Amino acid sequence: MTTTASVHPVDEVPPARQLAAFGLQHVLAMYAGAVAVPLIVGGAMKLSPADLAYLITADLLVCGIATLVQCVGFWRFGVRLPIMQGCTFAAVAPMVLIGTTGGGLPAIYGSVIVAGLAIVLLAPVFGRLLRFFPPLVTGTVILVIGISLLPVAGNWAAGGAGSADFGEPRNLALAAFVLAVVLGVQRFAPVFLSRIAVLIGIVVGLAVAVPFGFTDFGGIGDADWVGISTPFHFGAPTFEASAIISMLVVALVCMTETTGDFIAVGEMTGRGVDRRALSDGLRADGLSTVLGGVFNTFPYTAYAQNVGLVGMTRVRSRWVVAAAGGILVLLGLLPKLGAVVAAVPAPVLGGAGLVMFGTVAASGLRTLAEVDFKDNHNLTVVAVSVAVGVLPVGVPTVYEQFPHWFQTVMNSGISAGCVTAIVLNLLFNHLAGKAGSPVAEPTGLMGGGVEDGVEKPREEVV
């Protein structure tokens with residue numbers, strides 16, 4: 001893509017064929033995660049195969065609409081960056097609990113609608129918190145996002161969590177082959193092809209996987225040609241206090257995670273996220289979540305998988321991701337197409353995911369390179385925040401004896417690491433230090449005297 005002086009790369013519109021290829025690449029990167037949430041929730045509630053298929057098509061449709069709102073934007077809705085939207089995993093445990101303890105899907109959807117409205121109302125308040133995200137915090141959060149995603153790619157590479165052949169050498173060999181193809185295309189192919197290295201890797205990996213029996217296309221014949229999600233298909237929503245409270249906690253977690261994703265993409269694309277853009281993006285998240293409750297699906301958030309794809313391919317146009325949103329809408333309306341995409345085996349996605357998610361972690365390190373670590377406590381802030389963020393990733397059951405609201409916050413490594421980084425940055429760099437402390441005492445919460453890259457607002461540093 002050529003860039004003119006008057007058009008920022010984020011606003012540039014590539015040719016149609018590139019839009020389609022780049023957009024499909026984003027869809028393939030997030031598809032497995034997008035359909036996992038309805039599969040997990042519906043499976044826990046023992047829904048029929050027809051109802052599960054309905055949940056998936058509804059999810060894909062609203063994923064597409066949510067992505068279009070976030071990328072294209074209207075009025076004060078949408079961050080207008082290349083951000084892909086999908087169902088949040090932070091809501092899975094609360095929704096399973098609500099759905100299996102008597103409330104059913106109507107109680108889930110009632111709590112989702114209330115949570116979405118709360119996000120819309122809280123977005124301006126959250127926007128004011130941007131000053132608490134200097135490069136010290138944002139770099140740490142981006143690093144934790146990347147590290148937290150790597151086990152997802154690892155599970156895919158091994159065959160998919162819960163699969164009968166999990167960890168078999170042939171699965172890992174296929175993932176390694178796809179990874180080698182992606183790296184080879186990036187290194188040796190022309191510029192345009194290098195930007196769709198992930199798509200090429202997935203297509204080549206699928207071509208190799210078919211004759212070796214890695215995938216089954218039988219579900220394509222069983223899928224309907226057309227599927228339309230109607231509002232409140234499973235009944236009118238019900239509003240139960242306990243369900244609403246747990247979903248409000250999820251909403252706060254999603255807002256924290258989304259803020260980290262927005263800032264990461266803003267830095268990768270060279271368009272810093274200011275207070276208004278953050279508020280508009282969170283407001284779009286809330287609107288999408290409300291739509292999810294109305295159209296029989298779940299809460300929505302920015303997908304970190306696609307953050308890595310933006311960094312890896314260096315394709316910064318928001319219209320590329322908007323095209324991906326259009327493809328998702330088609331997949332939601334045409335279940336047969338969705339079944340074709342679903343036939344891509346997990347190891348193929350795993351090979352591509354390793355380089356994408358690793359790119360996110362590397363981007364965090366690049367941001368941290370702006371921070372001064374000499375004669376201050378910044379290294380401690382990073383060390384403890386990464387440790388707290390990675391803890392639930394390495395030991396998933398570490399908090400299972402704690403209350404559900406605590407698990408909802410801390411079981412997400414992204415939100416746990418983000419909250420820890422904000423608190424420690426305030427403690428070491430903004431509160432009055434002890435006598436003899438190596439950190440200079442600021443004159444106020446955001447006063448002068450602390451290290452460059454910590455005190456300056458993030459937009460100013462960028």
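Per chain, residues are indexed from 1 in the order of the written sequence. In view of the model being predicted, local features appear only for residues whose pLDDT reaches at least 70, and side-chain atom pairs are presented and counted only at 80 or more, with totals across whole chains, interfaces and linings using the full set of residues. Side-chain numbers come from the whole structure's heavy atoms, not from hydrogens or water.

## Details of the overall build of the protein chain
1) Next: Within the protein chain one finds 19 helices and 2 strands.
2) Next: Exposure categories follow from relative accessible area, calculated using a 1.4 Å probe and restricted to protein chains: below 20% of the type maximum is buried, above 50% is exposed, and the middle band is partly exposed. When the 462 residues of the protein chain are sorted by exposure, 56% land in the buried category.
3) Next: Here the accessible surface of atoms and residues is derived via Shrake-Rupley with a 1.4 Å probe, and residues count as covered only by protein chains that are part of the display. Entry remark: accessible area of the protein chain is about 18,300 Å², with carbon and sulfur atoms responsible for 68%. Working definition: helices are DSSP H or I runs of at least four residues, strands are E runs of at least two. Numbering for both runs from the N terminus.

## Concerning the environment of V204
1) Next: The residue V204 is located in helix 8 (residues 197-209) in this model.
2) Next: The spacing of V204 and V348 is 144 residues in sequence and 9.0 Å in space, taken between C-alpha atoms.
3) Next: The residues contacting V204, other than those within four sequence positions of it, are F177 and V181. Contacts are assigned to residue pairs with any non-hydrogen atoms lying within 4.5 Å of each other.

## Digging into the packing of helix 4 (residues 104-127) against helix 11 (residues 275-294)
1) Next: Running from amino to carboxyl end, helix 4 crosses helix 11 at an angle of 170°, the nearest separation of the two axes being 7 Å. It follows from the interaxial angle that helix 4 and helix 11 lie roughly antiparallel.
2) Next: Per-class residue counts for the contact of helix 4 with helix 11 are 14 nonpolar, 7 polar and 3 charged. Helix axes are fitted to C-alpha atoms over the stretch in contact, other axes to C-alpha atoms as well, and angles between N-to-C directions run from 0 to 180 degrees. Any angle from 65 to 115 degrees is called roughly perpendicular, while one under 35 is roughly parallel, one over 145 is roughly antiparallel, and all others are oblique. When residues are grouped by polarity, Ala, Val, Leu, Ile, Met, Phe, Trp, Tyr, Cys and Pro land in nonpolar, Asp, Glu, Lys and Arg in charged, and all others, Gly among them, in polar.

## Focus: the confidence of the model for the protein chain
1) Next: pLDDT is a residue-level measure of predictor confidence that goes from 0 to 100. Across the protein chain, the average pLDDT comes to 81, with 89% of residues at 70 or higher.
2) Next: Taken as a whole, residues 435-462 scores under 50 in pLDDT and shows 68 contacts with residues more than four places along the chain or in a different chain.

## Some points on a nonpolar patch on the surface
1) Next: What goes into a patch is any residue over 30% in relative accessible area without a salt bridge, connected to like charges within 9 Å or, for nonpolar side chains (Val, Leu, Ile, Met, Phe, Trp, Tyr), within 5 Å. Salt bridge criterion: a side-chain nitrogen from Lys or Arg within 4 Å of a carboxyl oxygen from Asp or Glu. A cluster of nonpolar residues, W225, V226, I228 and L333, forms a patch on the protein surface that exposes about 460 Å² of accessible area.
2) Next: Classification of I228 by relative accessible area gives exposed; the value is 59%.

## A look at the side chain of T138
1) Next: Tracing the chain through its elements places T138 in helix 5 (residues 135-157).
2) Next: The definition of a polar contact used here is a pair of N or O atoms within 3.5 Å, where within protein one atom must be able to donate a hydrogen and the other to accept one, and adjacent residues in sequence count solely through side-chain atom pairs. Polar side-chain contacts of T138 include one of 3.4 Å to the backbone oxygen of P135.

## Thoughts on the nonpolar core
1) Next: Formed by 111 residues in total, the largest nonpolar core has its most connected members in I108 and F298.
2) Next: If sequence neighbours within four positions are ignored, I108 has contacts with V41, M45, M95, I98, G99 and F298.
3) Next: The term nonpolar core refers to a set of buried residues drawn from Ala, Val, Leu, Ile, Met, Phe, Trp, Tyr and Cys, joined through side-chain atoms within 4.5 Å. Listed in part, the 10 residues of the second largest apolar core include L136, L368, V381 and V386.

## Notes on the packing of aromatic side chains
1) Next: For Phe, Tyr and Trp, where Trp contributes only its six-membered ring, two rings pair if their centres lie within 6.5 Å, and the inter-plane angle classes them as stacked under 30 degrees, edge-to-face over 60, or tilted in between. For the coordinates displayed, the defined rule picks out 7 aromatic pairs.
2) Next: Aromatic pair Y399 and F406: ring centres 5.5 Å apart, planes at 75°, arrangement edge-to-face.
3) Next: For Y399, a relative accessible area of 9% translates into the label buried.
4) Next: Centre to centre, the rings of F402 and F406 are 4.7 Å apart; their planes meet at 20°, and the pair counts as stacked.

## Examining the packing of helix 10 (residues 241-269) against helix 18 (residues 413-429)
1) Next: Relative to each other, helix 10 and helix 18 sit at 75°, their axes nearing to 9 Å. In terms of their interaxial angle, helix 10 and helix 18 are classed as roughly perpendicular. Between helix 10 and helix 18, the contacting residues are V253, T256 and E257 on the first element and I414, S415 and C418 on the second.
2) Next: For the contact of helix 10 with helix 18, the residue count by class is 3 nonpolar, 2 polar and 1 charged.

## Observations regarding helix 13 (residues 318-333)
Residues lying three or four places apart along an α-helix face the same way, a consequence of the helix completing one turn every 3.6 residues.
1) Next: Helix span, as expected, comes to 1.5 Å for every residue beyond the first. With 16 residues, helix 13 extends 23 Å from end C-alpha to end C-alpha; this agrees with the ideal 22 Å at 1.5 Å per step.
2) Next: Where helix 13 begins, the side chain of S317 points an oxygen toward the backbone nitrogen of W319, at a separation of 3.1 Å.

## Quick word on the pattern of salt bridges
1) Next: For the coordinates displayed, the defined rule picks out 5 salt bridges.
2) Next: R271 is paired through a salt bridge with D11; the nearest N and O atoms lie 2.5 Å apart. Taken together, the positions of R271 in the loop between helix 10 and helix 11 and D11 in the segment before helix 1 (16-44) put the pair 260 residues apart, joining distant regions of the chain.
3) Next: In this structure, the salt-bridge partner of D280 is R283, at a minimum N-O distance of 2.9 Å. Taken as a pair, D280 and R283 lie in helix 11 at a separation of 3 residues, close to a single helical turn.
4) Next: Three or more residues joined by partner-sharing salt bridges are found here, namely R76, R276, D280 and R283.

## Describing helix 8
1) Next: Taking 1.5 Å per residue as the helical rise, helix 8 with its 13 residues ought to reach 18 Å, and the 18 Å between its terminal C-alpha atoms agrees with that figure.
2) Next: What helix 8 keeps buried is the set A197, V198, L199, G201, I202, G205 and A209.

## With respect to the environment of A277
1) Next: In this fold, A277 is placed in helix 11.
2) Next: On the accessibility criterion, A277 (16% relative accessible area) is buried.
3) Next: The sequence separation of A277 and V79 amounts to 198 residues, and the corresponding C-alpha distance is 5.2 Å.

## Focus on the state of the cysteines
Defined simply, a disulfide is a covalent bond joining two cysteines at their sulfur atoms.
1) Next: Note on terminology: disulfide denotes any pair of cysteine sulfur atoms within 2.5 Å. Tallying each qualifying case throughout the model produces 0 disulfides.
2) Next: Unpaired in terms of disulfides, C63 finds its nearest cysteine sulfur in C87, a separation of 5.4 Å.
3) Next: Overall, C63 belongs to the buried group, its relative accessible area being 0%.

## Comments concerning unusual backbone geometry
1) Next: Even without being glycine, W75 reaches a positive phi, approximately 50°.
2) Next: Among the secondary structure elements, W75 is positioned in the loop between helix 2 (49-72) and strand 1 (85-87).
3) Next: The backbone of N296 shows a phi angle near 70°, a positive value even though the residue is not glycine.

## Quick look at the environment of A123
1) Next: Looking at the element boundaries, A123 is found in helix 4.
2) Next: Among the residues examined, A123 registers a relative accessible area of 0% and is labelled buried.
3) Next: With 162 residues separating them along the chain, A123 and D285 place their C-alpha atoms 9.2 Å apart.
4) Next: Setting aside chain neighbours within four positions, we find A123 in contact with M255, S279, L282 and R283.

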